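Observations on chain architecture
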Amino acid sequence: MKIPAMLCIVLAIFSPQLMAMISPSLAGATTLSLRFKQAPQAQWNKQRISAQLTADQRAFILQDQQQHAFNDAELFKLSISQTLPYGRKLLYFKLHLVDDFKPLWGQKILQLKVDGKELEAAKAANGKALWHKVVEEDNKGFIPAGLSELWFELPSDSTEIKFMTMMTAGAEHFQAELSDFIIYSWPESDQRTQVYQVRFNHDGYLKHTASPVLIELPDWIEQSQLPVSINAVDVEPQELMLTIPSQSDPGSGMKVVSLDLANLNTRFTGKPLTLQINSIHPQLTNTRISLKQGLDLSSLQRHRDQALAAFYYFDSSDLGPYSGTHPQDSRAKRLDSESTLDVRGGWFDAGDYGKYSVNAAYSLMTLLMAEQLQPTAFAVNISPIASDQGSDLLALLSSELNLLLKLQADNGGVYHKAASAQWPPLAQAPQQDHQIKTVLPITTTATAHSAAAFAMAANSFARSRQLTHQQQALQYRQAALRAWAYLEAHPQLEMIKQRYHQFEYGGPYDDVDDRDERLLAALALYQMTGEVHYLNHSKQYLASLLELPRLGDPSPSWRDNRSRSVLLYLKAAPKNDDLYPSVHQALSHYLEHILSLQQNNPYGIAFAGHQQQFDWGSNGIIASTGFQLLYGGYLLDKPAWLAAAMQLSHWFFGLNPHGKIFVVGDTPNHVQHPHFRPYVSKASPLPVGLLIGGANSVELKGDMMAATRENMAPMQVYIDHQDSWASNEVAINWQALWAAYLCLLNQSLANNLQ
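Since the structure is predicted, the reported quantities are computational estimates derived from the model, not experimental observations.

Focus on the overall build of the protein chain
Secondary structure summary: the protein chain contains 15 helices and 34 strands in total. When burial is assessed residue by residue, the protein chain has 58% of its 754 residues classed as buried. A separation of at least 24 residues holds for 74% of the contacts in the protein chain among residues at least 6 apart in sequence. For the protein chain, the accessible surface area stands at approximately 31000 Å², while carbon and sulfur atoms represent 49% of it. Seen as two clouds, the 58 positive and the 71 negative side-chain charges of the protein chain have centres 1 Å apart.

Next comes the structure, spelled out in structure tokens:
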């Protein structure tokens, strides 16, 4: 267990010299002298620079462990957790560099942040900054060489310091001592008020559907009732007294008051409404919110079309927005080999420029499973990917399928990924990234994923009347059979290492058990060939999943494909198969349990990760839950499951503790600062339609923006900031789930309207 750093609070008196240096009006300030219990912790684990705490616990030393130059950065986090008074505050500390310290990045030494934010330099009595940061194109401000004492302004409204971070700049003989940290403060009475936090679907509510609105109250509210009024043109206001729960919701940490507009007096049906919430505490002001209801499907259809079209922003081929970039991908190097592989084309995996077989195949499977379940749900124009070959969806998928073919070796196995040794800088455009990718070894997980994707693609492309699609179908069929042959010849898990030559080569996409992927591949090949030995191959393993919580998946994702295999079995297997009744029953129990969880959650979701946590990519997990409800609802004719999938949509469109539409867009309610290198580098316009990962209470991996909220309730650990890779990144697997969910949902709602 980590021991949090502590602060020793000491009253101090300013010396006249110190007061004159800063301002003649500093009398009356108190000081907090920081004494630490734990050294800063490395977040990026570059294994070069270490941190040590001094014996007096008032200073720490950052020191390179090697003699040669380190032309890279390391990030350190120093936990503090100290409350502060409201009002003006200054932070002071001393900085000492060894004599032979040689900066490599101009005069940059360190970037300092407090709770994820850079601080401004303090001002002298004449109003001028006491010193100036070195700021370049990436907008990161660094402490320059030549300073021994630093003064920063702390925000007046900051009433707590959770942590500080120090990012080192490239240097030779890096050794820096930071000491004598002091916070000077002038406490004031905090008279701020706030409006009620009202969460609702910003797009509006459909006709004849549940229309939930939530009012979030801080947990210190003691009242038991909340007065609200509903107003509409030409209708008498309806006064309501809503019950305030006695306990906070564990997901959001708030007391959540629920209201369903569909339960109002029928005089309000279909009308634009105004919700007024009256004050019940001096710190809460009267709040008015406009709400839209009685809408048709046009808004959801627009989101569907944008979700599919947004794959364009991932496309690295010459048909995408980055034509001519990464020419070096034609000669990606196989690990520890002089041989090369052409990995041009396909989709960038996420916010970086890597290409990962596991996630590529998983994303393809998501869209193909949905298309094969409801082909008409995908009969839409996907601009700018529109094709003259009959199917925009098949045109969209072809680029990634062709990359997957390139990553298949002659023996049928599939290379795990092609990625550069180091993450490219966030502001680096595709045309500026000149790193040569490395192709990592074949793994059975990547091969099984790809076998399933190839088999599904063979089926979808074979249904097309276009000759080119028929030819592609044959190619994918052969690739699926070759991948299966590799799996049969390699029955044990084969997986990459975490590091090679001290480098991670992008995201690991590693696995500890490939039986679920092999099961999925076997079922997909049965669906493709009709040969019963594929169906029988993994029945024993399938049967073992049926009594497990969530059908054996801690949370449905690229790593956990057991519940997905259950869905595919029910789609592919004949109803007279001996296992069919048991699988049917298991899926019913699982999805009914999701309904139960959803009904007991004020935000209308079931789960977003392991147990009650929000995992990395929680929005993808929620979209996956919607995908499962729709898939199962279609297969087993369960209208309640289809309706539950509709309820989930409100979460994405604003019924969440951030009031965000969790999709990139051009309004203040949308996500506007995704962690996506092409956009941050201005190589692409705003990538409208991309779903972001969402709240992440489990694993931040050095994300200091999300870390500003890490001790909050699980739903709260999210921030719309380009530096938040743990909560605000985009990725093809989440996008595929989002697009498939919206396609199936629109089809379900259209069927009901008919």
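Describing helix H15 (residues 732–753)
Between its first and last C-alpha atoms H15 spans 31 Å; for 22 residues at 1.5 Å apiece the expected length is 32 Å, and the two agree. With 18 of its 22 residues buried, H15 lies for the most part within the structure.

Re the pattern of salt bridges
Using the criterion set out here, one finds 24 salt bridges in the structure. Across the pair Lys113 and Asp723 runs a salt bridge, and its minimum N-O distance is 3.9 Å. Pair noted here: Lys113 is in strand E8 (residues 108–114) and Asp723 is in the loop between helix H14 (677–680) and H15, with a separation of 610 residues, a long-range link. By the burial criterion, Lys113 is buried, and Asp723 matches it. Measuring nitrogen to oxygen at the nearest pair gives 3.1 Å for the salt bridge that ties Asp329 to Lys437.

Description of the packing of helix H3 (residues 357–373) against helix H10 (residues 562–572)
To describe two helices that pack against each other, one gives the angle between their axes and the distance between the axes. Where H3 contacts H10, the axes come no closer than 12 Å and their chain directions differ by 35 degrees. Between H3 and H10 lies a crossing whose hand is left-handed. Taken together, the residues of H10 that come into contact with H3 (itself represented by Tyr362, Met365, Thr366, Met369, Gln372 and Leu373) are Arg564, Leu567, Leu568 and Lys571. The residue makeup of the contact of H3 with H10, split by class, is six nonpolar, two polar and two charged.

Things to note about the packing of aromatic side chains
All told, the structure shown has 31 aromatic pairs when counted by the stated rule. Summarising the aromatic geometry, the rings of Tyr312 and Tyr313 are spaced 5.9 Å apart at their centres and angled 70 degrees between planes, so their arrangement reads as edge-to-face. Summarising the aromatic geometry, the rings of Tyr569 and Tyr580 are spaced 6.2 Å apart at their centres and angled 40 degrees between planes, so their arrangement reads as tilted. One end of the pair, Tyr569, is in helix H10; the other, Tyr580, is in helix H11 (residues 580–599), and 11 residues separate them in sequence.

Topic: unusual backbone geometry
That bond from Ser383 to Pro384 is cis: its omega, 10 degrees, falls within 30 degrees of zero. Take Pro384: it is sitting in the loop between H3 and helix H4 (392–406). Unusually for a residue other than glycine, His173 sits at a positive phi of about 60 degrees. Counting through the fold element by element, His173 comes out in the loop between strand E15 (171–172) and strand E16 (175–187).

Structural notes on helix H7 (residues 515–529)
Compared with the 21 Å implied by 1.5 Å per residue over 15 residues, the 21 Å span of H7 between its first and last C-alpha is a close match. Downstream of H7 by one or two residues, Gly530 has phi in the positive range, about 75 degrees.

Here's the deal with the side chain of Asp349
Take Asp349: it is sitting in the loop between strand E27 (340–341) and strand E28 (355–356). In this structure Asp349 is buried but unpaired, with Lys417 as the nearest side chain of opposite charge at 9.4 Å. Within polar-contact distance, the side chain of Asp349 engages the side chain of Tyr509 at 2.7 Å. Each residue touching Asp349, except ones within four places of it in the same chain, is listed here: Phe314, Gly354, Tyr356, Asn359, Tyr509, Ala731 and Ile732.

Comments concerning the sheet that holds strand E21 (residues 235–243)
In space, the four strands of this open sheet follow the order E21-E20-E23-E25, with antiparallel pairing throughout. Strands with a single pairing partner mark the edges of an open sheet, and in this sheet they are E21 and strand E25 (287–291). With direction set aside, neighbouring strand axes in the sheet form an average angle of 20 degrees.

Some remarks on the sheet that holds strand E30 (residues 417–419)
Across the sheet, which stays open at both edges, the five strands sit in the order E27-E26-E31-E30-E28 with mixed pairing between neighbours. Strands with a single pairing partner mark the edges of an open sheet, and in this sheet they are E27 and E28. Two elements, E28 and E30, share two bridges in a ladder whose sense is antiparallel. The residue of E30 that forms the bridge with Lys355 is Ala418.

What about the pairing of strand E14 (residues 160–168)?
Of all nine residues in E14, eight are buried, a share of seventy percent or more. Both strand E5 (residues 75–83) and E14 contribute to a ladder of seven bridges, which runs antiparallel. Paired with Lys77 across the bridge in E14 is Thr165.

Topic: empty space enclosed by the protein
Under the defined criterion, the tally for this structure stands at four cavities of 30 Å³ or more. Contributing to the lining of the largest cavity are 14 residues, with Asn201, Asp203, Gly204, Leu206 and Leu300 lying nearest its centre. Counting residues per element, the ones that place at least two in the lining of the largest cavity are helix H2 (298–309) and helix H13 (639–652). For the lining of the largest cavity, the per-class residue count stands at six nonpolar, six polar and two charged.

Focus: the confidence of the model for the protein chain
Across the protein chain, the average pLDDT comes to 93, with 96% of residues at 70 or higher. Counting contacts from residues 1–24, a segment whose pLDDT is below 50, to residues more than four positions away or on other chains yields 47 contacts.

Section: the pairing of strand E23 (residues 273–277)
Along E23, five of the five residues are buried, which leaves the element largely enclosed by surrounding structure. Side-chain alternation along E23 places Leu273, Leu275 and Ile277 on one buried face and Thr274 and Gln276 on a second face that is also buried. In terms of strand pairing, strand E20 (residues 225–232) meets E23 through four bridges, oriented antiparallel. Looking across to E23, one finds that Ile230 is bridged to Leu275. By the bridge criterion, five bridges tie E23 to E25 in an arrangement that is antiparallel. Residue pairing across strands places Gln276 opposite Arg288, the latter belonging to E25.

Conventions and cut-offs
Residues numbered from 1 in each chain as written. Predicted model: local features only at pLDDT ≥ 70, side-chain atom pairs only at ≥ 80, totals over all residues. Heavy atoms only, no water. Helix = DSSP H or I, 4+ residues; strand = E, 2+ residues; numbered from the N terminus. Buried < 20%, exposed > 50% of the residue type's maximum accessible area, 1.4 Å probe, protein only. Contact = heavy atoms within 4.5 Å. Areas by Shrake-Rupley, 256 points an atom, 1.4 Å probe, with all protein chains shown as cover. Lys, Arg positive; Asp, Glu negative; His and termini not counted. Charge placed at Lys NZ, Arg CZ, Asp CG, Glu CD. Expected span 1.5 Å × (residues − 1). Salt bridge = Lys/Arg side-chain N within 4 Å of Asp/Glu carboxyl O. Axes fitted to C-alpha atoms, helices over the stretch in contact; angles between N-to-C directions. Left-handed = near helix turned anticlockwise from the far one by under 90°. Nonpolar A, V, L, I, M, F, W, Y, C, P; charged D, E, K, R; others polar. Phe/Tyr/Trp six-rings, centres within 6.5 Å; stacked < 30°, edge-to-face > 60°. Polar contact = N/O pair within 3.5 Å; in protein donor to acceptor, adjacent residues only side chain to side chain. Pairing = 2+ DSSP bridges. 1 Å grid on protein atoms, 1.4 Å probe; cavity = no way out; pocket = protein on both sides within 12 Å on 5 of 7 lines; lining within 4 Å. Points joined across faces, edges and corners; volume = space filled by probe spheres on them. pLDDT = per-residue confidence, 0-100.

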